[in-house]
Amino acid sequence: MPRLLDDLETAVLAKLAELDTGDGVPLTRLAKQLDQRVAVLIRTFTMLSDARLGGVAGPGLVRLGEDEGRWRAWVTPAGRAATKASA
Amino acid sequence: MSEQKIEFYKGPAGGWGALKSVAKHLMHEGAPGKGARTLLAANQPDGFDCPGCAWPDRSHTSTFEFCENGVKAVASESTSKRATPEVIGAQTVSWWAEQSDYVLEQLGRITEPMVYDAVTDRYKRIAWDDAFTLVAAELKALPDPNQASFYTSGRTSNEAAFLYQLFVREYGTNNFPDCSNMCHEPSGSGLRPTIGVGKGTVTLHDFEKADLILIFGQNPGTNHPRMLGELRDASKRGCKIVSVNPLRERGLERFADPQDKLEMATMGSTPISSHYVRVRIGGDFAFIKGLCKLVLEADEHARLNGLAPIVDSAFIAEHTTGFDAFMQDALDEDWSVIETESGLAKAEIEAVAKQYIESKRVIACWGMGITQHQHSVATIQMIVNLLMLRGNLGREGAGVCPVRGHSNVQGDRTMGINEKPTAAFLDRLGKVFGFEPPRSHGHDTVGAIEAMLEGKCKVFFAMGGNFAAATPDTLATYRALQSCDLTVHVATKFNRSHVVHGQQALLLPCLGRTEIDVQAAGTQGVTVEDSMSMVHLSAGLNAPASEHLLSEPMIVARLAAATLPHSKTPWLDLVADYKLIRERIEAVFDDFAGFNEKIKKPGGFRLRNTASERVWNTPSGKASFTAHAVPRDTFVHRAKASEKHRDTVVLTLATVRSHDQYNTTVYGMDDRYRGVYGQRRVVFINDEDLREIGLKDGDWVDITSLYADGVERKAEKFRLVSYDIPRGNIASYYPETNPLVPLQSFAIGARTPTSKSIPVKLTRSDAPAA
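Residues numbered from 1 in each chain as written. Chains lettered and ligands numbered in written order. Predicted model: local features only at pLDDT ≥ 70, side-chain atom pairs only at ≥ 80, totals over all residues. Heavy atoms only, no water.

**Student:** Could you clarify how one ought to interpret helix 31 (residues 635–643) of chain B in this entry?
**Tutor:** All names here are of chain B. Buried within helix 31 are the following residues: Phe-635, Val-636, Ala-639 and Glu-643. Each buried residue of helix 31 sits inside an arc of 100 degrees when the element is viewed along its axis, so together they form one side. Contacts from the buried residues of helix 31 go to strand 25 (651–656) and strand 33 (758–765). (Buried < 20%, exposed > 50% of the residue type's maximum accessible area, 1.4 Å probe, protein only. Helix = DSSP H or I, 4+ residues; strand = E, 2+ residues; numbered from the N terminus. Arc of directions from axis to C-beta. Contact = heavy atoms within 4.5 Å.)

Quick look at the structure:
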């Protein structure tokens, strides 16, 4: 059973889904929009990605990566669906 | 790897050279995106504490709070390379033992627990449960718990260290060799009896207020690059900086801050040292005593002539003891002895004394260049004497600043990683956890090696680090480790200590500082204490390098649960939520009252430092002046006397780090600021010494140390490099030169190996085969 997202994760995912039109969103822009430090965002995105943490695979709602030297986050189809479901 | 060359480095420390190096190391580790992304969270309030040095964090206003060497540490941890059981098991351990430290480091992150298979001479996969069962069985089978030693690296978090010392003491021993034994032990040993605190007294705020900063035996450009930010700011506002160091080091001369756009755009830089004192290796004590003598003489002169006194008599009267004896001893010291032993002319010492006398607020910093000598404890006490003469302790802008190495080396000691625990601490620990801790003192690092060699220690457990490469007398240390029944290493990367092992050996891979730690109660953070006693939270943000990694607290808890079935400590419950560990820490240490609350504040909190309040926790209730004679019977003096009739040119060797190195970890083969590229087997030597021994720059030599214990200790095949270093002094990298230091050559009163003053001779050698 997928784990429940906490408030921060829900807010971060919603903002990412709102801003990501397919090209991803720079972490620095998200940090400004959400008034969060980049460190918090990176940790949150890692938790929302498909990375295995504590022996359990993550939900795969986002993807972190690099594009032209800028660090970006993308929302996955599963992430978009989760956002719609919680809206 | 760089092409081998020796090429003078013209640039400042930091600057574009540092940025280029950052990019190179991130690329090399295959982690340009992840590594760089990770760096945005280094030393930030919600991020992780850099796994490198223990220099404090600023107020977190900068986006970037890391340095070139922090990047190397982070890149190394965030590497995409993996040392799986298949990778390590592809070769025999004997084959790996022939490879360089750099090659071992480059294998990448260890992904699963592994056990040594003596039949095939290879490491192979083992399940965690089986690994814990194996260690527990060996520990329980020992007839005496004191036949096990438990080493701690300075990277270990407070939570892991606290559980670890608890487990070891419940098991029944105080055998806690640690990396502090090899670095700042003399700082604690020197400071505690004189000012009542074994730690530095200053904060970064004091650096903003000081008029004069004295830097003894320290190379911040390589070892604590973030300290250059404080020194640069101090220099810009007119604070004088006096660097006392045998080698000319670029980081003590000029620094370009990579975050300063103007400085970077104009290729500009800021001078660091206003005065650079080229003391001879081990000559600091005589130099500092000379300063004290000059201050006292100036005070005498001022008082006789009705001028303002130089010495702070009010401070001395109210806060100190032993002044009269110290004053007499210092005034009686012979200038010829001071000049000979310091390697400095009186006029040069007078110039620094003038700056000291003219300054109202003075900080004294020091590193391994002070501590790794036979008389390091006395030297540190002489620094305290100098500061106390003018009341430079316990007030704004003044105090002592031993600059610690690894990121939590100070915190580990605070948590009880100490082979000589106080009775009060043991009483409290026993009361909180319901057991009777062992009372007899345990082994330090030298003691642990000796015990292994004597067959008195059969199990060696290391919480991180690289014991075989960090310790002196390499061949003896190797024999010691190989004589153990079991060696166990908790580690993130493969290193020398894993290929110099006991009959049985285990590698237990742990999470790195940059990685998310998920336990039953959710994601966890750990705490660390920096060089200035600030305790703060560190939480990772990357996915672990492997799903099989355990956190260090979890490794300790599971090992304890397997070894101590009747323990009253709820080991596995504690690691479900590290807040519970911190509650126990709070129960044992009064200074940690409100621990879980206090660390919610960005930057954490400062542990009480009584000396910085002019409260002296000494038997007399006062700070103590300590009189010491200038050392004239060191191992170097003895070697020179015994070799005189042979006309041997006896040189004093200091072991140093290269710029691409942090402690024993070799991230690369360059030492940019000293102009060395693609190689490590070099000896820095004065031109005149080259001429005297009939050799020239580029020649190859073997180094033999000169001790009277009848053991020949030799390190072979080093290339001579002409360098700006005082006559009679040479320098070379460790761990390559560790074999030259006998176990029995250590600091009086601290037992820290004397790796900074090794009497040696050089003999011509052939160039190594290509």
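**Student:** Sorry if this is basic, but what is going on with the environment of Tyr-123 of chain B here?
**Tutor:** Residues and elements named next belong to chain B. Mapped onto the secondary structure, Tyr-123 falls in strand 6 (residues 122–125). Residues Tyr-123 and Val-93, spaced 30 residues apart in sequence, show a C-alpha to C-alpha distance of 7.2 Å. Once residues lying within four places of it in the same chain are set aside, the contact partners of Tyr-123 are Pro-85, Ile-88, Gly-89, Val-93, Met-114, Val-115, Tyr-116, Phe-494, His-498, His-501, Ala-505 and Leu-507. A distance of 2.6 Å separates a polar side-chain atom of Tyr-123 from the backbone oxygen of His-498. (Polar contact = N/O pair within 3.5 Å; in protein donor to acceptor, adjacent residues only side chain to side chain.)

**Student:** What exactly am I supposed to notice about the pairing of strand 29 (residues 682–685) of chain B here?
**Tutor:** Each regular strand carries side chains that alternate between the two faces of the sheet. Residues and elements named next belong to chain B. In strand 29, alternate side chains face the same way, and those of Val-682 and Phe-684 on one face and Val-683 and Ile-685 on the other are all buried. With 4 bridges connecting them, strand 29 and strand 31 (residues 713–722) associate as parallel partners. Looking at the pairing, Val-683 lines up with Leu-720 of strand 31. (Pairing = 2+ DSSP bridges.)

**Student:** Teacher, can you tell me more about the packing of aromatic side chains here?
**Tutor:** For any two aromatic rings, the description comes down to two numbers: the centre-to-centre distance and the angle of the planes. Residue and element names in this part refer to chain B. Counting across every chain of the model gives 31 aromatic pairs over all chains. Relative to Tyr-164, the ring of Phe-150 lies with its centre 6.2 Å away and its plane at 80 degrees, an arrangement referred to as edge-to-face. Of this pair, Phe-150 sits in strand 7 (residues 148–152) while Tyr-164 sits in helix 8 (residues 158–171), and the two are 14 residues apart along the sequence. Summarising the burial analysis for this pair, Phe-150 and Tyr-164 share the class buried. A centroid spacing of 5.6 Å and a plane angle of 10 degrees characterise the contact between Phe-425 and Phe-589, whose relative ring orientation is stacked. In this pair, Phe-425 is assigned in helix 22 (residues 423–433) and Phe-589 in the loop between helix 29 (578–588) and helix 30 (595–598), connecting sequence segments 164 residues apart. Accessibility assignment for this pair places Phe-425 and Phe-589 in one class, buried. Ring-pair connections join several aromatic residues into one group, and the members of that group are Phe-162, Phe-425, Phe-433, Phe-589, Phe-592, Phe-595 and Phe-605. If you follow Lys-5 out to its NZ or CZ, it ends over the ring of Tyr-677, 5.0 Å from the centre. For Arg-681, the ring lying beneath its charged end belongs to Phe-718, and the centroid distance is 4.4 Å. (Phe/Tyr/Trp six-rings, centres within 6.5 Å; stacked < 30°, edge-to-face > 60°. Lys NZ or Arg CZ within 6 Å of the ring centre and 35° of its normal.)

**Student:** Help me understand helix 20 (residues 376–389) of chain B in this model?
**Tutor:** Residues and elements named next belong to chain B. When the terminal C-alpha atoms of helix 20 are compared, their 20 Å separation across 14 residues agrees well with the 20 Å that a helix rising 1.5 Å per residue should span. Across the 14 residues that make up helix 20, a large majority, 14, are buried. Count one or two residues on from helix 20 and you reach Gly-391, which has phi positive near 65 degrees. (Expected span 1.5 Å × (residues − 1).)

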